[in-house]
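Working through the structure, step by step
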Amino acid sequence: MPKAIIFDLDGTLADTAADLAGAMNYALKKFGQPTHSVEACKQMIGDGLKMFAQRALGKDSRHLWDGVLSLMKARYRDKCFECSRLYDGISEVVSKLRQQGIRLAVLTNKDQDDARRIVEHFFGADTFEYVVGVVGESGVKPDIAGTMKIVESMKLAREDFLIIGDGAQDIRTGAAAGIRAVGVNWGFRGREELAEAGADMTIDRPVEILGLLA
């Protein structure tokens, strides 16, 4: 039975796609660039905001990458709660995990400050022991630095953990860290990507997380 769970944030705990897409499209418009649908943005999100901006612009617009990224970040800080919501059932599952003594952390490719704001907004300040996001350009999953920071801080063995996420980067992080990784099919990327990345298993509904405790 796992003693701790490390959750991804975007596409796993919360559906943040519309606000992320809105902020990116705002910046793209300001720079006179084509915008993208929310569904298209879901395929660009997951590897950090820098990569999101690069994918949204394309290689032919390298000269705009930094400017669009900076404006997108500023817009997102102001608008990150307009449409974002927890997936149905997540709040109840997280509460039950805590009641059962499971220790919880968030590991995300979202910028650290944004990650902490969103987690505290939806869950309060004390639900997750650690919220580890990206600082600068370091620690982007599947780099395991953030994972190992959580593992070492909790003073548990790797086999005591599960990693739960919606994208290939979450599954690859688990594999690289020697931690069982479970994919969620309700997120931004879907079952096929998770399977190709080598997920130990995938689940369709948040309540199934409780079944992983047996």
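Scroll up to find the structure.
Read on for an overview of the structure. Quantities reported herein were computed from a predicted structural model and do not represent experimental measurements.

Within the secondary structure layout, Glu-208 lies in helix H10 (residues 208-211). Taking C-alpha positions, Glu-208 is 9.7 Å from Val-184, a pair spaced 24 residues apart along the chain.

A few words on helix H7 (residues 145-154). Here H7 has its buried residues at Gly-146, Thr-147, Met-148, Ile-150, Val-151 and Met-154. As for H7, its buried residues are in contact with strand S1 (4-7), strand S4 (103-111), strand S5 (130-134), strand S6 (161-165) and helix H8 (168-177). Directly after H7, the chain includes Lys-155, whose backbone phi takes a positive value near 60 degrees.

As a further point, take the packing of aromatic side chains. Taken as a whole, this structure holds 3 aromatic pairs when the rule is applied. Aromatic pair Phe-81 and Phe-122: ring centres 6.4 Å apart, planes at 80 degrees, arrangement edge-to-face. One end of the pair, Phe-81, is in the loop between helix H4 (65-79) and strand S3 (85-86); the other, Phe-122, is in helix H6 (residues 112-123), with 41 residues separating them in the sequence. A residue is classified by how much of its surface remains accessible, and Phe-81, at 30% relative accessible area, is partly exposed. Through pairs of rings, three or more aromatic residues link up here, namely Phe-7, Phe-123 and Phe-128. Above the plane of the ring of Tyr-26 lies Arg-75, whose end atom (NZ or CZ) is 3.9 Å from the centre.

This paragraph deals with the state of the cysteines. Counted according to the given criterion, the structure contains 0 disulfides. Here Cys-41 stays free of any disulfide, with the sulfur of Cys-83 as its closest cysteine sulfur at 13 Å. Note on Cys-41: relative accessible area 0%, which makes it buried. Cys-83 sits in the partly exposed class, given a relative accessible area of 48%.

Ordered in space as S5-S4-S1-S6-S7-S8, the 6 strands form an open sheet in which the pairing is parallel. Only two strands of the sheet have a single neighbouring strand rather than two, namely S5 and strand S8 (201-203). Within this sheet the neighbouring strands show an average axis-to-axis angle of 25 degrees, counted without direction. One ladder, built from 4 bridges, connects S1 with S6; its direction is parallel. Within S6, the residue paired with Ile-6 across the bridge is Ile-163. Those strands touched by H7 are S1, S4, S5 and S6, and its axis lies near 155 degrees from that of S4.

With that settled, consider the pairing of S6. Note on strand geometry: in a regular strand, side chains alternate between the two faces of the sheet. Counting buried positions along S6 yields 5 of 5 residues, so the element is predominantly enclosed. Every second residue of S6 is oriented toward a common face, with Phe-161, Ile-163 and Gly-165 on one face and Leu-162 and Ile-164 on the other, all of them buried. When S6 meets strand S7 (residues 180-184), the two strands line up parallel, connected through 4 bridges. The residue of S7 that forms the bridge with Ile-164 is Val-182.

Rules of the game
Residues numbered from 1 in each chain as written. Predicted model: local features only at pLDDT ≥ 70, side-chain atom pairs only at ≥ 80, totals over all residues. Heavy atoms only, no water. Helix = DSSP H or I, 4+ residues; strand = E, 2+ residues; numbered from the N terminus. Buried < 20%, exposed > 50% of the residue type's maximum accessible area, 1.4 Å probe, protein only. Contact = heavy atoms within 4.5 Å. Phe/Tyr/Trp six-rings, centres within 6.5 Å; stacked < 30°, edge-to-face > 60°. Lys NZ or Arg CZ within 6 Å of the ring centre and 35° of its normal. Disulfide = S-S within 2.5 Å. Pairing = 2+ DSSP bridges. Axes fitted to C-alpha atoms, helices over the stretch in contact; angles between N-to-C directions.

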